[in-house]
Amino acid sequence: GMQSHLQALLSLYKLFCPEQVTITLPGKMKTYFKNSEGPWKAAITAVRQRNQGPSPLSQAVFLGTSQPQSRKRKWNAQLVIPASSTNTNHLEEDREKSCFYLHNTNESFPVEQLQTFPQLLQNIHRLEFPSQMGSVLTNPLLLHYMNCVKDESIYLRLYYWMGQMLQEECAWCVVDNPYEEEFKSFLETAYKAECFLQEGFSACEEFLYKTLPLWDGFCCRSEVLRLVSWIPLSSFSDIKQYLFDPLAQLFFTSSIYFKCSVLESLKELLQNWLNCNVIQMDLEISS
C-alpha cells in the first residue's frame, strides 16, 4: 500500500521526472527529511555574519533543510521561467509537416505553434501540456486551457515545480541571497497567474504558511501581500495560526504604511472568498 514515507520519496522523483511517476500523489503530505532547528540556525548564522564577518562553516538553510547551491545556478545565473516545449520527441519532424498534417485529429498539436485564441479553440482536443509546467505561468493561452481541462495531474505537476522553486529561491530564508529581485519577479508572475485563473496555487499557500513566521515584513513586501490575498478559504484555526498570527506580530511593530498594506491585502482576501463562495452557490443552484 501507499505508505507516507514512500509517498514522500515518490514526490521527489516526480519533482525531477514527472513523466516517470504515473500515479497520483496527494497534494499535501507530511514533510520528511527536515531539521527542526533549521530556522534558528539560519538566524544565528545571519547574526554571526553581521557581527564577525562570514564564517567558513556557515551554510544557507531553508526551513530546516541544509540547502546546497541551487541546481539552476550551476548552468544559469538567472531565475528563468522555462519556455513552452512539447512532451513529444519528434518536435522537429512536426514542424516540417504541412498544415494538413497539423489539422489531422489523430495527432497532437505542438504548444510551440499555439499563438492565437482561435488556434486554441480549434485544437483544444489535441493539445498536451508542455514538458516544463513552469512555462504555463507566462502563457495566457495555456492558462485558458488549464482552466478548461481541470486535470488534477496538471495541478500536481505545477505544485511540485513551484514548490521547489519557492523553496530554493526564497529571498528571506536563504542567508545572503543575492537574487532578491529575480525572486520578486517570480512572485509577481505567480500572482498574475492566480489573478488570471481566479484561484490561488496550493504551492503558494503552503509557501506562505511556512515562511510568514520568518518574514521581516520588508523583503518583497507588495508581492507577498498580493499572494496572501489569494489564500483559499479553510478552517479558522489554520488561518489564525499560519496567517493572522505572523502578520499580527509585524502589524503592531511596523509603520502606518505597512499596516495599511496588510489591511488592503486582507480586504482583497475577503473579496476573493466572497466571489468564490458566490460562484460555488450559483453552480449548486444550477445543478
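Our structure's up above, just so we're on the same page.
Reading the values: the criteria
Residues numbered from 1 in each chain as written. Predicted model: local features only at pLDDT ≥ 70, side-chain atom pairs only at ≥ 80, totals over all residues. Heavy atoms only, no water. Helix = DSSP H or I, 4+ residues; strand = E, 2+ residues; numbered from the N terminus. Expected span 1.5 Å × (residues − 1). Buried < 20%, exposed > 50% of the residue type's maximum accessible area, 1.4 Å probe, protein only. Contact = heavy atoms within 4.5 Å. Axes fitted to C-alpha atoms, helices over the stretch in contact; angles between N-to-C directions. Parallel < 35°, antiparallel > 145°, perpendicular 65-115°, else oblique. Left-handed = near helix turned anticlockwise from the far one by under 90°. Nonpolar A, V, L, I, M, F, W, Y, C, P; charged D, E, K, R; others polar. Salt bridge = Lys/Arg side-chain N within 4 Å of Asp/Glu carboxyl O. Phe/Tyr/Trp six-rings, centres within 6.5 Å; stacked < 30°, edge-to-face > 60°. Lys NZ or Arg CZ within 6 Å of the ring centre and 35° of its normal. Core = buried A, V, L, I, M, F, W, Y, C linked by side-chain atoms within 4.5 Å. Patch = residues over 30% accessible without salt bridge, like charges linked within 9 Å, V, L, I, M, F, W, Y side chains within 5 Å. Areas by Shrake-Rupley, 256 points an atom, 1.4 Å probe, with all protein chains shown as cover.

The next point concerns helix H9 (residues 180–197). Counted at 1.5 Å a residue, the expected span for H9 with its 18 residues is 26 Å, and the 26 Å between its end C-alpha atoms agrees. Every buried residue of H9 is listed here: Phe 183, Phe 186, Leu 187, Glu 188, Thr 189, Ala 190, Tyr 191, Ala 193, Glu 194 and Leu 197. Close packing links the buried residues of H9 with helix H7 (140–149), helix H8 (152–169), helix H10 (202–211) and helix H11 (221–228). Following H9 by one or two positions, Gln 198 has its phi on the positive side, about 60°.

The subject of this paragraph is the packing of H7 against H9. Where H7 contacts H9, the axes come no closer than 10 Å and their chain directions differ by 50°. One way to sum up the angle between H7 and H9 is to call them oblique. Considering the relative orientation of H7 and H9, their crossing is right-handed. Listed contacts from H9 to Pro 140, Leu 143, His 144, Met 146 and Asn 147 of H7 are Ala 193, Phe 196 and Leu 197. Here the contact of H7 with H9 is built from residues that sort into six nonpolar, two polar and no charged.

Let us now look at the packing of H9 against H11. Their axes nearest at 9 Å, the elements H9 and H11 cross at an angle of 25°. Judged on the interaxial angle alone, H11 and H9 are roughly parallel. Classified by chirality, the crossing of H11 by H9 is left-handed. On H11, the residues that touch Lys 184, Leu 187, Glu 188, Ala 190, Tyr 191 and Glu 194 of H9 are Glu 223, Val 224, Arg 226 and Leu 227. Partitioned by chemical class, the residues of the contact of H9 with H11 number five nonpolar, no polar and five charged.

On to unusual backbone geometry. Of note, Gln 198 is a non-glycine position whose phi angle comes to about 60°, a positive value. Considering the arrangement of structural elements, one finds Gln 198 in the loop between H9 and H10. Owing to a relative accessible area of 46%, Gln 198 belongs among the partly exposed residues under this scheme.

With that out of the way, let us pick up the pattern of salt bridges. Per the stated rule, a full pass over the model turns up five salt bridges. Taking the shortest distance from any N to any O, the salt bridge between Arg 226 and Glu 188 comes out at 2.6 Å. Taken together, the positions of Arg 226 in helix H11 and Glu 188 in helix H9 put the pair 38 residues apart, joining distant regions of the chain. By relative accessible area, which is 32% here, Arg 226 ends up partly exposed. Between Glu 264 and Lys 267 there is a salt bridge, and its shortest N-O distance comes to 3.5 Å. A residue pair is termed a helical-turn pair when its members lie 3 or 4 positions apart in one helix, as Glu 264 and Lys 267 do in helix H13 (residues 256–286) at three residues. Judged by relative accessible area, which is 37%, Glu 264 ranks as partly exposed. Given the relative accessible area of 42%, Lys 267 is considered partly exposed.

Considering all chains together, one arrives at 11 aromatic pairs under this definition. Measuring from centroid to centroid gives 4.8 Å for Phe 129 and Tyr 145, while their planes differ by 25°, and the two rings are stacked. Placement of the pair is Phe 129 in the loop between helix H6 (117–123) and H7 and Tyr 145 in helix H7, with a sequence separation of 16 residues. The residues Phe 129 and Tyr 145 share a single accessibility class, namely buried. Positioned above the aromatic ring of Phe 251, the side-chain terminus of Lys 259 is 5.5 Å from the ring centre.

Turning next to the nonpolar core. One finds Met 146, Met 162, Trp 172, Phe 183, Phe 201, Trp 215 and Leu 243 to be the most contacted residues of the largest nonpolar core, which totals 62 residues. Elements supplying a minimum of two residues to this core: H7, H8, H9, H10, H11, helix H12 (236–251) and H13. Here this core gets nine residues from one element, more than from any other, and that element is H8. Other than its neighbours up to four places away in sequence, Met 162 contacts Leu 137, Ala 190, Phe 201, Ala 203 and Cys 204.

Together, Leu 9, Leu 12 and Tyr 13 make up a nonpolar patch on the protein surface, roughly 280 Å² of accessible area in all. Tracing the chain through its elements places Tyr 13 in helix H1 (residues 4–16).

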